[in-house]
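An overview of the molecular structure
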Amino acid sequence: VFLQSDIQSVLDTMRERFREQSIYFEDEIESVEEYMDVNPLGVPTERELSVLKKDLPVFRTILRRTSVPFDATAMVDEG
């Protein structure tokens, strides 16, 4: 899962949600205070280009799916 945002708090929230399910997802970057420097997909979004043209940061991370089969009964409903 590739996560990217020009708003750090938005990315941090999304990242934390995936990290809460660490049995299923593993963050490629160990520290939550570090981010990827470049878009690994090589195709920037229009938003990304606009932000970079303003010399503002874009925050990114990649989470990989583990081999553990998904178990819907193990998910907690935060309703």
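Scroll up a little and you will see the structure.
Residues numbered from 1 in each chain as written. Predicted model: local features only at pLDDT ≥ 70, side-chain atom pairs only at ≥ 80, totals over all residues. Heavy atoms only, no water.

Let us look at the environment of L63. Topologically, L63 is positioned in strand β3 (residues 59-65). Separated by 44 residues in the primary sequence, L63 and R19 have C-alpha atoms spaced 8.5 Å apart. When residues no more than four places from it in sequence are discounted, the contact partners of L63 are V1, L3, F18, F25, E26 and D27. (Helix = DSSP H or I, 4+ residues; strand = E, 2+ residues; numbered from the N terminus. Contact = heavy atoms within 4.5 Å.)

Right, let's talk about the sheet that holds strand β2 (residues 25-27) for a bit. If you walk across this open sheet you meet the three strands as β1-β3-β2, and the pairing is antiparallel. The open sheet has two edge strands, β1 (2-5) and β2, and neither has a second partner. The sheet shows a mean angle of 25 degrees between the axes of neighbouring strands, taken without regard to direction. (Pairing = 2+ DSSP bridges. Axes fitted to C-alpha atoms, helices over the stretch in contact; angles between N-to-C directions.)

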